[in-house]
Amino acid sequence: MTKKIPLLIDTDPGVDDALALLMAFSDPGHQLVGLTIAAGNVGLEHTVRNALKLCEVAGREDVPIYAGCADPLLHPAADAAYVHGRDGFGDIGYTPASRTAETEHAALAILRLSHEHAGELLLVALGPLTNIALALKLDPTLPQRIKRFVVMGGAVSAHGNITAAAEFNIAFDPEAAHIVFLAFPHIDLADWEAVIAHGFLHVEAEQWLQADSPRARFYERISLQTRHWSADRRGDHWHSADALAMAYALQPEGALELLERPVAVEMAGTLTRGATVVDWNRQEGRPDNATLLMRYDQARFEGLIRAALAAT
Ligand code: BDR
Ligand code: CA
């Protein structure tokens, strides 16, 4: 039997984070070694509580959860409660999980786990990059121990979702993203524009959500508000950013088109703060530091979502 790949996820659950986590929970090829929790979609108190509850619903209370930074490194940022609900999980009023988070800080857990799984760890970031930036400041050798780093974030041709040019995860904490994009020699990037190109039909998702499983029943409830919000604004297709990034992380062989380019983060622009600037023509002499996911096998992506919900 081949050894499972150790997987560490930094996340700010969040409705699409929850779907990505369900995908990771049900993946046979990966061993989930922990969840480090960021603030982003909503405040840290809620994102930690949501991670604990999702693990309980999915029967994955074996997965340790580490709370991270409550705020961006420098500047306060607005959350995305208008998409995910005030509590980040659709305000369904669930009973909190009985378990609490570990006492170790997320940044320290990232460093410790990077040593325990040195050279093997798959690190996936589904939220603002604050915890990972802090870990890098504590120990700049972190990238040497990470086998692969997948980030959901950015908008490669500046079609942003939170501002005209910037995507939410990067715009929430541009200084952290800058630190991370400078420090890691290579990032596998699933950006917002790839997400828009990989929507799936609401009517089909509604069928998957009817699956007779605790995961599907819970996910149907927590995603209702955001599905309505999405259908109002974006029409027939639902877009799950973190789920696409997780598909690429778990099954990179599903990628049908990838491009290598240098990517940097804008911190100072008046209109473009938080934008990911791709040097498409390689004009500035910087090395390629990112693989951009341009196209992923749609059927494989949807199959992974169905499996995560225990739907057929
Ligand atoms: C990203 O922002 C968050 O709202 C989502 O959870 C996702 O990680 C999409 O821009
Ligand atoms: Ca997220």
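Residues numbered from 1 in each chain as written. Chains lettered and ligands numbered in written order. Predicted model: local features only at pLDDT ≥ 70, side-chain atom pairs only at ≥ 80, totals over all residues. Heavy atoms only, no water.

1. Digging into the site of ligand 1
Stage number 1. Of all residues adjacent to ligand 1, which total 13 residues, the nearest are Asp 16, Asn 41, Asn 161, Glu 167 and Asp 242.
Stage number 2. Within the side chain of Asp 16, one N or O atom sits 2.5 Å away from an oxygen atom of ligand 1.
Stage number 3. Residue Asn 161 places a side-chain N or O atom 2.8 Å away from an oxygen atom belonging to ligand 1.
Stage number 4. In isolation ligand 1 offers 280 Å² of accessible surface; the protein chains occlude 94% of this area. (Near = heavy atom within 4 Å. Polar contact = N/O pair within 3.5 Å; in protein donor to acceptor, adjacent residues only side chain to side chain. Areas by Shrake-Rupley, 256 points an atom, 1.4 Å probe, with all protein chains shown as cover.)

2. Let's talk about the coordination of the calcium ion (ligand 2)
Each angle at a metal carrying four tetrahedral donors should ideally be 109.5 degrees, and each at a metal carrying six octahedral donors should ideally be 90 or 180 degrees.
Stage number 1. Protein coordination at the calcium ion (ligand 2): the donors are Asp 12 (OD), Asp 17 (OD), Asp 17 (OD), Leu 126 (O) and Asp 242 (OD), at 2.3 to 2.6 Å from the metal.
Stage number 2. Within one chain, the residues donating to the calcium ion (ligand 2) are spaced in sequence as D-x4-D-x108-L-x115-D. Separated by 114 residues along the polypeptide, Asp 12 in the loop between strand 1 (5–11) and helix 1 (15–25) and Leu 126 in the loop between strand 4 (121–125) and helix 5 (130–138) bring together distant segments of the chain. Accessibility classification places Asp 12 together with Leu 126 in one group, the buried group. (Donors = N, O, S within 2.8 Å, 3.2 Å for Na, K, Ca; no water. Helix = DSSP H or I, 4+ residues; strand = E, 2+ residues; numbered from the N terminus. Buried < 20%, exposed > 50% of the residue type's maximum accessible area, 1.4 Å probe, protein only.)

3. Some remarks on the pattern of salt bridges
Stage number 1. Evaluated as defined, the whole model comprises 14 salt bridges.
Stage number 2. For Arg 60, the salt bridge identified is with Asp 62, shortest N-O distance 2.9 Å.
Stage number 3. A relative accessible area of 19% places Arg 60 in the buried class.
Stage number 4. Here Arg 282 makes a salt bridge to Asp 288, at a shortest N to O gap of 2.9 Å.
Stage number 5. A relative accessible area of 42% means that Arg 282 is categorised as partly exposed.
Stage number 6. The exposure class assigned to Asp 288 is partly exposed, which follows from its relative accessible area of 27%.
Stage number 7. The structure contains a network of salt bridges with shared partners spanning Glu 104, Arg 112 and Glu 116. (Salt bridge = Lys/Arg side-chain N within 4 Å of Asp/Glu carboxyl O.)

4. Things to note about the packing of aromatic side chains
Stage number 1. Applying the stated criterion to the full structure yields ten aromatic pairs.
Stage number 2. When the centroid spacing of 6.0 Å and the interplanar angle of 75 degrees are considered together, the rings of Phe 89 and Phe 218 count as edge-to-face. Placement of the pair is Phe 89 in the loop between helix 3 (81–84) and helix 4 (106–116) and Phe 218 in helix 11 (residues 214–234), with a sequence separation of 129 residues. The residues Phe 89 and Phe 218 share a single accessibility class, namely buried.
Stage number 3. Judged by centre distance (5.9 Å) and plane angle (70 degrees), the ring pair of Phe 200 and Phe 301 falls under edge-to-face. Placement of Phe 200 in strand 7 (residues 200–201) and of Phe 301 in helix 13 (residues 298–308) is noted, with a sequence separation of 101 residues between them. Phe 301 carries the same exposure label as Phe 200, and that label is buried.
Stage number 4. Pairwise contacts between aromatic rings join Phe 200, Trp 208, Tyr 219, Trp 238 and Phe 301 into one cluster.
Stage number 5. Sitting over the ring of Tyr 248, Arg 148 keeps its end group 5.0 Å from the ring centre. (Phe/Tyr/Trp six-rings, centres within 6.5 Å; stacked < 30°, edge-to-face > 60°. Lys NZ or Arg CZ within 6 Å of the ring centre and 35° of its normal.)

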